[in-house]
Amino acid sequence: MTAFIILHYKNIQDTKECIQSIKKLNGAKKIVVVDNATLNEKERMEFQKEVDDVLCLKENIGFAKANNEGCTLAIQKYKPDFLVVINNDTIIKQKNFLEKIFKIYQRKKFDILGPKIICPEKSGSVNPYRPLKNINEVDEEIQYQKKLAKIYQNSILYFLLKIYIFLKSKIVSPPIFKNGEKEEQNVALHGCALIFSQKYYQKHMDIFIKDTFLYHEEDLLYNRIMKEHLVSLYSPEIEIIHKEGGSLNTLFQKKDRQKLLFRTKEIIKSLEILKKEMAKE
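What you see is a predicted model; the values in this text were computed from it and never measured.

Parameters and conventions
- Residues numbered from 1 in each chain as written.
- Predicted model: local features only at pLDDT ≥ 70, side-chain atom pairs only at ≥ 80, totals over all residues.
- Heavy atoms only, no water.
- Helix = DSSP H or I, 4+ residues; strand = E, 2+ residues; numbered from the N terminus.
- Rg over C-alpha atoms; globule rule 2.2 N^0.38 Å.
- Buried < 20%, exposed > 50% of the residue type's maximum accessible area, 1.4 Å probe, protein only.
- Contact = heavy atoms within 4.5 Å.
- Pairing = 2+ DSSP bridges.
- Right-handed = clockwise from strand over helix to strand, strands pointing away.
- Patch = residues over 30% accessible without salt bridge, like charges linked within 9 Å, V, L, I, M, F, W, Y side chains within 5 Å.
- Areas by Shrake-Rupley, 256 points an atom, 1.4 Å probe, with all protein chains shown as cover.
- Salt bridge = Lys/Arg side-chain N within 4 Å of Asp/Glu carboxyl O.

*Asks:* Help me out: how do you make sense of the overall build of the protein chain in this one?
*Replies:* When helices and strands are tallied, the protein chain shows ten helices and nine strands. The C-alpha atoms of the protein chain give 19 Å as radius of gyration, which agrees with the globular expectation for 281 residues (19 Å, within 12%). Counting all 281 residues of the protein chain, 47% fall into the buried class. Residue pairs in contact within the protein chain that sit at least 24 positions apart in sequence constitute 79% of those at least 6 positions apart.

Structure below.
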């Protein structure tokens, strides 16, 4: 049996579409919705009719901690063979999705599996992706994000940046995006859809490193994988459609600069946590 953990934040329609796509899949499954303190009682009751569990948190505790709460509930209540942790803005169309996971596990005995992730506005897959592999790379990214934060804090600089990006998009052709065409092992996997085996959660009841709020959870997982010699696997045999950015878009709506500044500050916090984890023996 497979347990699905769906992290919900405000965007009810996306969550409903995600749930309906899971319910159409063949095979035994349980669905747990984790709400980051946004549902009212009526909305909670509506979700409860459609899924096995609705876990309503008292405050928004972010991606890693909220997903950990949902995974703990699923592990203790159902003891699943696999945990599928997915964003609410995802859809699964392969009816034999669960069967494929079992077959891949029989062949590879993975700890963490990542599917082919298809985004409407991109070609190829966003999985696997390039992680930050050492402290020097993390330091460089921190400095870059700090520069961006200064730009986002200044309305004039932000306006000039938007003009620069617009002009560049008209002059420079975007690169052809080819990724995820073959199976790869011990790679970093995108956080919008991750499949954890029982082998993994028996070692780590906290599925994610719990200190972050948003961003770079994938890099922290990759750091854990490499240090503990776990098996991460990317397989294009399974697919998920990702709409991208639904929860943040709902939160900020048209306040682009505020959204970008929030994002950048959270990225810097997560990068500092990643740096500390990398420094541990």
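*Asks:* Just to check I follow, could you spell out the pairing of strand β3 (residues 53-56) for this structure?
*Replies:* Successive side chains on a regular strand alternate, one facing one side of the sheet and the next facing the other. Pairing between strand β2 (residues 29-35) and β3: four bridges, direction parallel. If you follow valine 33 over to β3, its bridge partner there is valine 54. As a crossover connection, the stretch from β2 through helix α2 (residues 41-48) into β3 is right-handed.

*Asks:* Help me understand a nonpolar patch on the surface, please; the structure alone is not making it clear to me.
*Replies:* Taken together, the side chains of Ile156, Leu157, Phe159, Leu160, Ile163, Phe166, Leu167, Ile171 and Val172 make up a nonpolar region of the molecular surface, amounting to roughly 910 Å² of accessible area. Checked against the element boundaries, phenylalanine 159 lands in helix α6 (residues 155-171).

*Asks:* Could you clarify how one ought to interpret the side chain of asparagine 223 in this entry?
*Replies:* On the secondary structure map, asparagine 223 appears in helix α8 (residues 217-228). Residue classification places asparagine 223 among the buried positions, given a relative accessible area of 13%. Here asparagine 223 is in contact with Leu274, Glu277 and Met278, once residues within four sequence places are set aside.

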